[in-house]
Amino acid sequence: MSTERDSETTFDEDSQPNDEVVPYSDDETEDELDDQGSTVEPEQNRVNREAEENQEPFRKECTWQVKANDRKYHEQPHFMNTKFFCIKKSKYANNAIKTYKYNVLTFIPMNLFEQFKRAANLYFLVLLILQAIPQISTLAWYTTLVPLLLVLGVTAIKDLVDDVARHKMDKEINNRTCEVIKDGRFKVAKWKDIQVGDVIRLKKNDFVPADILLLSSSEPNSLCYVETAELDGETNLKFKMSLEITDQYLQREDTLATFDGFVECEEPNNRLDKFTGTLFWRNTSFPLDADKILLRGCVIRNTDFCHGLVIFAGADTKIMKNSGKTRFKRTKIDYLMNYMVYTIFVVLSLLSAGLAIGHAYWEAQVGNYSWYLYDGKDDTPSYRGFLNFWGYIIVLNTMVPISLYVSVEVIRLGQSHFINWDLQMYYAEKDTPAKARTTTLNEQLGQIHYIFSDKTGTLTQNIMTFKKCCINGQIYGDHRDASQHNHNKIEQVDFSWNTYADRKLAFYDHYLIEQIQSGKEPEVRQFFFLLAVCHTVMVDRTDGQLNYQAASPDEGALVNAARNFGFAFLARTQNTITISELGTERTYNVLAILDFNSDRKRMSIIVRTPEGNIRLYCKGADTVIYERLHRMNPTKQETQDALDIFANETLRTLCLCYKEIEEKEFAQWNKKFMAASVASTNRDEALDKVYEEIEKDLILLGATAIEDKLQDGVPETISKLAKADIKIWVLTGDKKETAENIGFACELLTEDTTICYGEDINSLLHARMENQRNRGGVYAKFAPPVQEPFFPPGGNRALIITGSWLNEILLEKKTKRSKILKLKFPRTEEERRMRTQSKRRLEAKKEQRQKNFVDLACECSAVICCRVTPKQKAMVVDLVKRYKKAITLAIGDGANDVNMIKTAHIGVGISGQEGMQAVMSSDYSFAQFRYLQRLLLVHGRWSYIRMCKFLRYFFYKNFAFTLVHFWYSFFNGYSAQDVSDKLSLRFPGLYIVGQRDLLFNYKRFFVSLLHGVLTSMILFFIPLGAYLQTVGQDGEAPSDYQSFAVTIASALVITVNFQIGLDTSYWTFVNAFSIFGSIALYFGIMFDFHSAGIHVLFPSIFQFTGTASNALRQPYIWLTIILTVAVCLLPVVAIRFLSMTIWPSESDKIQKHRKRLKAEEQWQRRQQVFRRGVSSRRSAYAFSHQRGYADLISSGRSIRKKRSPLDAIVADGTAEYRRTGDS
């Protein structure tokens, strides 16, 4: 038993999931996962290891080799892979991207293959073949060929138009230009011509064309600032830095042209924040990591130029690896229509078989003995019945609707244009209209159950705004005048008195300006001075204007706020910082920067003032600051109350504090700090311990409150979608506190919500798995599955889970294998059996655990997954699709959302931002999240209703028309809108009919079938009765079957067109003309087909001259038609009237009172009630989840040399406080 257990893959339970870390969700190598602890090596493993050691050594991780400026190197035979038979292709992709589906050669075969997946198309192809056989053909072959070609052609043209648009977009991107080293010089080249190993030059505001190794740049120490909006939707700048050796030697064109470095690195993968490799150059190796790689899709900012070596190109780049597999998406109604067509096949086959049997019987009893029916053939009755079976298949072929699919495509095309033309989804600020990028999914928009949304750039604008603050216990930021009186309407503060103000801050508390200018409370000035000095922001001047480069939008917002209030950060060197304090410039010596990290949740700076005093300034999350405050802080409680108020308003907060440090105390602490800075092991832990010693007994100044601005209308949209019974899950890479704060801001979470976290869920799932295992046994397979809820009924619950916990719970966590699993090949049949059983048990356990998680999460009203990777986002969407069989929609704006967007049934991209990668992969796009409510509740619902009405009518019409032939065979020897868009938004509950498939399903299909059968019987038997023993007005009896056919066809056309009128709720000129014009067109064509002129032209085809005019001049024929139409339609009118009166639907009720409801009620934000000291949550702290620029500042690597020579800085005594590495 123990041996069997040891052979299983065991999940790593040694470490608790870390909420602050984004887990790697891709396959790490065995080297990364192996436990380094010593274990006893099994004998068989030792034998295997010795055998492996005798083989040629092979580095498993770094197998990607790049040679600079040498294209021929990458064309060597051992880099070629066989793609198809003997055709070989280099494993190094070119830089051209392909998002299109077809090319000139593959369009026709691939498109026909996809179209013939539709059952109806395949059926008509078989029918066309049958019609080519003379013995069974009852209709000319071209009567099927022409409609089939029309259907295939229309669909092919639509697919071609969609694919041409993709070709154009690909061409636009592939033809972008940059400079590439060729023949020893930089020459302009197109992106598609770039290859691995090329050295390229990029300039400011250029997009990065491939994944490149940064070699040098115009910035000091070859720093390069990039914007990653295309990857993650974030607009704050991030920095990359080259190796010192390449920065020193690869600045000029001639040196770059002769660069012959060799790079070994990991194979292409989708890990955006990880890279491992080595550069070999000048007989030395240099380690490479993600900080030295510029990814495709980034934009160069604040850097005049930079040079790089192409490592991954085209499809091998990380952004393309994250794009996921392009899936062919079809709607739920498409699948349902296919099954219904199969059902019609069965019905058609049964009818044809029944008629063929009847014909064989009739031939045996009547036909063989009727000399006037002899056709010169002596076939047996059974053979004639067999031929008639195929003949009836052809005659009744209209039961299978050949025009159904083309009609559906035309309707979808029109609905797509309605979305494109909707001015209420047009974003004028960015000149961005809504765009239906596909025409095949419109009705599915009316059936959404789950929405998966990104946060940054989708729900939020990624713009941080200084909103309020608390200083010395006093809250500032309300609408107040300089006399401290509140006003509802007041002009915003005028910052024109401040020459450094950027005029972008909207602030309405004039009393705070009065306090700053008067200087009555020194804490107010001290507060903003702290904001101006305690940060890692970089600054440069452009045309006399200050430009700040912050590691996070929060920090940028705080420094900008201090600048507007009179304390402007002007410049810094390695060991000084210059501040303008109300117009007076002062320079402070920076003695140490204690940087932020996710564990410390705070940062500090120690400065020496011009007067010689040493002071520590600190800002951080309230949870860590309050633990380190001096016990004599008079405003501690008032500040805590202010923090509760800010949290209730969903603002992001930081506490600000300071302390005076004695010279002696600092000298003693500095010795410990220097020792920790040069520690060779556990350096970060040593520094954190030293930081703790100085960051204590702090004096509280107050707190800041920053608004992470939501996009307009987000809370309203989420509220309405929730009323439509649509559940919204937020999937983000941001930290847990921030994601939770946004959940409250957009009202996904409320004060009444009970929040469950990863550890809570883990214990619930563990208990459920134990119960399921205990219930299992020999008879478990015969017992019905028990669906027990995880939570007691009632209550509003939400789930907030991090990526690390998600991997832990879903058993996706990277695994260590016991040493026995190092066996590469099982040596015995028993070992092979044990391994197979172990793998099956593990998969079954994993599947059950995942299903339980989905069941649990779906019991929650909201789910927020934070610190998740792109692959995890797609995995969550796939789990809900797989285990809930629900229709899903994913919405995002960055490349990290592409996989999720492609995985969901419907993908929506937010356009108008910097990043367009999500839009390129989406099915629909628009500029603002708020447009989602209109896309679903209006266009989605209307599209679903229109499509269902059309399909029900279409099947009814076809059965009514076709089954008339069926009844005839017994006598011939067997030879619209509902409610307005405003009311749709006003009453989201109307959306539920689509989620529950109430308007088109098998029940509705069979109702349409029954309706068609009854209509066909009325259309046949009433005229039949009218024609029996009847004499016309002229004394003749028009009882020939052609006159009979004219009567039935006329009644049929009028009936089915009037049926459309009954289904129409909103009449326009177009649909009125279509209905009555169709009837008029029918009569015109019918009289033409029975005219003498067409008989002269085609005598063999049109033989019945004058039949229509002769029949329709008889008054009783018209009475027969009117009676037939009335009997067909009056029951429908009566049933609908009774249904709307006795059993009205929600739509009927709203339609009835639409005039009273015409004035749309405005949505109002939920009022939050603040109770002092009873806050149920804390606000998010306003820090990025990444480390700041402190390392660059302290080391002097970011400072331009003209400000202070590096030698002088190193020689300066204060440089002893320099910090290096990842402290």
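Everything numeric in this text was worked out from a predicted model, so none of it was measured.

Asker: Describe unusual backbone geometry, and please don't skip the residues or the numbers.
Answerer: At Asp 697, a position not held by glycine, the phi torsion is positive, near 55°. Position of Asp 697 relative to the elements: it lies in the loop between helix H20 (683-694) and strand S29 (699-710). The backbone phi angle of Asp 725 is positive, close to 65°, even though this residue is not glycine. Positionally, Asp 725 belongs in the loop between helix H21 (714-723) and strand S30 (727-731).

Asker: Just give me the short version of the UniProt feature "transmembrane region" (unreviewed entry) in the protein, but keep the residues and values in it.
Answerer: Feature annotation in UniProt assigns "transmembrane region" (unreviewed entry) to the following positions: residues 116-133, 139-161, 339-362, 389-408, 1005-1028, 1040-1060, 1066-1085 and 1117-1139. Counting secondary structure, residues 339-362 comes out at 100% helix and 0% strand; the distance between its end C-alpha atoms is 34 Å.

Asker: Can you lay out the nonpolar core for me, pointing to particular residues and giving the numbers?
Answerer: Formed by 59 residues in total, the largest nonpolar core has its most connected members in Phe 466, Leu 512, Phe 528, Phe 565 and Tyr 617. Here the element with the most residues in this core is helix H15 (residues 522-533); it accounts for 8 residues. Inspection of this core shows a minimum of three residues originating in each of domain 1 (176-323) and domain 3 (460-479 + 492-710). Sequence-distant contacts of Tyr 617, that is, excluding residues within four places in its chain, are made with Gln 526, Phe 529, Leu 530, Val 533, Cys 534, Met 603, Ser 604, Ile 605, Val 607, Cys 657 and Tyr 658. In terms of nonpolar packing, the next biggest core, distinct from the first, is built from 57 residues, Phe 186, Cys 224, Leu 288 and Ile 293 among them.

Asker: Requested: an account of the sheet that holds strand S32 (residues 796-802), with residues and values cited.
Answerer: Spatial ordering of the open sheet is given by S17-S37-S36-S35-S18-S30-S34-S32-S31, a layout of 9 strands whose pairing is mixed. Looking at strand neighbours, the two that pair on one side only are strand S17 (435-436) and strand S31 (753-756), the edges of this open sheet. Note that strand S18 (residues 450-453) and strand S35 (residues 888-892) share 4 bridges and pair parallel. Among the inter-strand pairings, Ile 451 is bridged to a residue of S35, identified as Leu 889. Helix-sheet contacts for helix H22 (residues 736-745) involve S31, S32 and strand S34 (862-866), and the interaxial angle to S34 is about 150°.

Asker: Give a description of the packing of helix H5 (residues 119-131) against helix H6 (residues 142-174) that names residues and reports values.
Answerer: A pair of packed helices is captured by two measures, namely the crossing angle of their axes and the spacing between those axes. Interhelical geometry of H5 versus H6 gives an angle of 155° and a closest axis separation of 9 Å. As far as their axial angle goes, H6 and H5 are roughly antiparallel. Considering how the two elements wind past one another, H5 and H6 form a crossing that is left-handed. For the pair H5 and H6, the contacting residues are Asn 121, Phe 124, Leu 125, Leu 127, Leu 128 and Gln 131 in the first and Thr 143, Thr 144, Leu 145, Leu 148, Val 151 and Leu 152 in the second. Among the residues making up the contact of H5 with H6, the classes are represented as 8 nonpolar, 4 polar and no charged.

Asker: Break down the packing of aromatic side chains for me, citing the residues and quoting the values.
Answerer: In the structure shown here, the tally under the stated rule is 33 aromatic pairs. Note on Phe 507 and Phe 565: the rings are 5.1 Å apart at their centroids and 85° apart in plane angle, and the pair reads as edge-to-face. Residue Phe 507 is located in the loop between strand S20 (474-476) and helix H14 (510-518), and its partner Phe 565 is located in the loop between helix H16 (553-564) and strand S23 (567-572); the two are separated by 58 residues in the primary sequence. Both residues of the pair, Phe 507 and Phe 565, count as buried. Ring centres of Phe 673 and Tyr 691 lie 6.5 Å apart, and the angle between their planes is 35°; this geometry places the pair in the tilted category. Placement of Phe 673 in helix H19 (residues 663-677) and of Tyr 691 in helix H20 is noted, with a sequence separation of 18 residues between them. The same class applies to Phe 673 as to Tyr 691, namely buried. Sitting over the ring of Tyr 73, Lys 67 keeps its end group 5.8 Å from the ring centre. Over the face of the ring belonging to Phe 790 we find Arg 768, whose NZ or CZ atom lies 3.9 Å from the ring centre.

Asker: So what about the sheet that holds S29? Which residues, and what values?
Answerer: Within a beta sheet, neighbouring strands are joined by backbone hydrogen bonds and run either parallel or antiparallel to one another. With antiparallel pairing, the 9 strands of this open sheet are ordered in space as S20-S19-S29-S28-S27-S26-S25-S24-S23. Looking at which strands have only one partner, the edges of the open sheet turn out to be S20 and S23. In this sheet, neighbouring strand axes are inclined to one another by 30° on average, regardless of whether the strands run parallel or antiparallel. In the sheet, strand S26 (residues 602-608) pairs with strand S27 (residues 614-620) via 7 bridges, with the strands oriented antiparallel.

Asker: Would you mind going over the UniProt feature "active site" (unreviewed entry) in the protein in detail, with residue names and values included?
Answerer: The UniProt feature table records "active site" (unreviewed entry) at Asp 454. Within the fold, Asp 454 resides in the loop between S18 and strand S19 (460-471). The class for Asp 454 is buried, based on a relative accessible area of 2%. In this structure, Asp 454 is in contact with Leu 459, Leu 731, Thr 732, Lys 873, Ile 891, Gly 892, Asp 893, Asp 897 and Met 900, ignoring residues within four places of it in sequence. In terms of polar contacts, Asp 454 uses its side chain to reach the side chain of Lys 873, at 3.3 Å.

Asker: Describe the confidence of the model for the protein, with residues and values.
Answerer: Scored by pLDDT, the protein comes out at a mean of 78, with 78% of its residues at no less than 70. Across residues 25-60, confidence stays below pLDDT 50; counting only partners more than four residues off in sequence or on other chains, it has 45 contacts. A low-confidence stretch, residues 815-823 (pLDDT under 50), is modelled with 34 contacts involving residues beyond four sequence positions or located in other chains.

Asker: An account of the environment of Arg 652 is needed here, citing residue identities and associated values.
Answerer: Along the chain, the position of Arg 652 falls in strand S28 (residues 652-661). A residue is classified by how much of its surface remains accessible, and Arg 652, at 3% relative accessible area, is buried. A polar side-chain atom of Arg 652 sits 2.7 Å from a polar atom in the side chain of Asp 554. A polar contact is formed between the side chain of Arg 652 and the side chain of Thr 738, at a distance of 3.2 Å.

The rules behind these values
- Residues numbered from 1 in each chain as written.
- Predicted model: local features only at pLDDT ≥ 70, side-chain atom pairs only at ≥ 80, totals over all residues.
- Heavy atoms only, no water.
- Helix = DSSP H or I, 4+ residues; strand = E, 2+ residues; numbered from the N terminus.
- UniProt positions renumbered as here; feature names shortened; annotations may be inferred.
- Core = buried A, V, L, I, M, F, W, Y, C linked by side-chain atoms within 4.5 Å.
- Buried < 20%, exposed > 50% of the residue type's maximum accessible area, 1.4 Å probe, protein only.
- Domains from an automatic or database assignment.
- Contact = heavy atoms within 4.5 Å.
- Pairing = 2+ DSSP bridges.
- Axes fitted to C-alpha atoms, helices over the stretch in contact; angles between N-to-C directions.
- Parallel < 35°, antiparallel > 145°, perpendicular 65-115°, else oblique.
- Left-handed = near helix turned anticlockwise from the far one by under 90°.
- Nonpolar A, V, L, I, M, F, W, Y, C, P; charged D, E, K, R; others polar.
- Phe/Tyr/Trp six-rings, centres within 6.5 Å; stacked < 30°, edge-to-face > 60°.
- Lys NZ or Arg CZ within 6 Å of the ring centre and 35° of its normal.
- Polar contact = N/O pair within 3.5 Å; in protein donor to acceptor, adjacent residues only side chain to side chain.
- pLDDT = per-residue confidence, 0-100.

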